[in-house]
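Chain by chain, the residues:
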Amino acid sequence: MQLLTGKLERLTRNANTSEAVKELEEEINALRRLLKCNVCHTRQKDVIITKCWHMFCKQCIAKNLEARHRKCPGCGHQFGQADVKQFFFT
């Protein structure tokens, strides 16, 4: 992400590259959407369900577990507390 942001800043300084800047902005926005939870669309993904490898934010999966709705919001595969692992983007 920092690499793309750096490219965007360099290209923004050059007046003749408005199309390249637009492309990079679209790419950055697409990557940001990939990092967001597919349930709430606001928080960053930070847990993974190891049974199906889908990623969500901790709060949304915690709500599923508390409500005893133990199906992956992405594919419907059943999972338990032991199948949820936290991870970090670095």
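Residues numbered from 1 in each chain as written. Predicted model: local features only at pLDDT ≥ 70, side-chain atom pairs only at ≥ 80, totals over all residues. Heavy atoms only, no water.

Asks: Kindly report on the overall build of the protein chain, identifying the contributing residues and their values.
Replies: Looking only at helices and strands, the protein chain features 3 helices and 3 strands. Helices and strands appear in the protein chain in the N-to-C order α-α-β-β-α-β. Among the 90 residues that make up the protein chain, the fraction classed as buried is 28%. For the protein chain, the share of sequence-separated contacts (at least 6 apart) that also reach a separation of at least 24 residues comes to 29%. As displayed, the protein chain offers around 6600 Å² of accessible surface, 50% of which is attributable to carbon and sulfur atoms. (Helix = DSSP H or I, 4+ residues; strand = E, 2+ residues; numbered from the N terminus. Buried < 20%, exposed > 50% of the residue type's maximum accessible area, 1.4 Å probe, protein only. Contact = heavy atoms within 4.5 Å. Areas by Shrake-Rupley, 256 points an atom, 1.4 Å probe, with all protein chains shown as cover.)

Asks: Any chance you could break down the nonpolar core for me, citing the residues and the numbers?
Replies: C37, V47, I49, C52, F56, C57, C60, I61, L65, C72, F79 and V84 form the largest nonpolar core, which has 12 residues in total. Those elements giving two or more residues to this core turn out to be β1 (47-49) and α3 (58-66). Examining the composition of this core, we find that 3 residues originate from one element, α3, more than from any other. In this structure, V84 is in contact with V47, I48, I61, L65 and F79, ignoring residues within four places of it in sequence. (Core = buried A, V, L, I, M, F, W, Y, C linked by side-chain atoms within 4.5 Å.)

Asks: Which residues make up the sheet that holds strand β2 (residues 54-56), and what values do they have?
Replies: Taken in spatial order, the 3 strands of this open sheet run β2-β1-β3, and their pairing is antiparallel. Looking along the sheet, the strands with just one partner apiece sit at the ends: β2 and β3 (84-86). Here the average twist between neighbouring strands, direction ignored, is 30°. Both β1 and β3 contribute to a ladder of 3 bridges, which runs antiparallel. Opposite I49, over in β3, you have V84 as the bridge partner. (Pairing = 2+ DSSP bridges. Axes fitted to C-alpha atoms, helices over the stretch in contact; angles between N-to-C directions.)

Asks: Provide a residue-level description of α3, including the pertinent values.
Replies: Of the positions making up α3, those classed as buried are C60, I61, N64 and L65. Each buried residue of α3 sits inside an arc of 140° when the element is viewed along its axis, so together they form one side. Pointing more than 90 degrees away from the buried face of α3 are the exposed residues K63 and E66. For α3, the elements touching its buried residues are β1, β2 and β3. (Arc of directions from axis to C-beta.)

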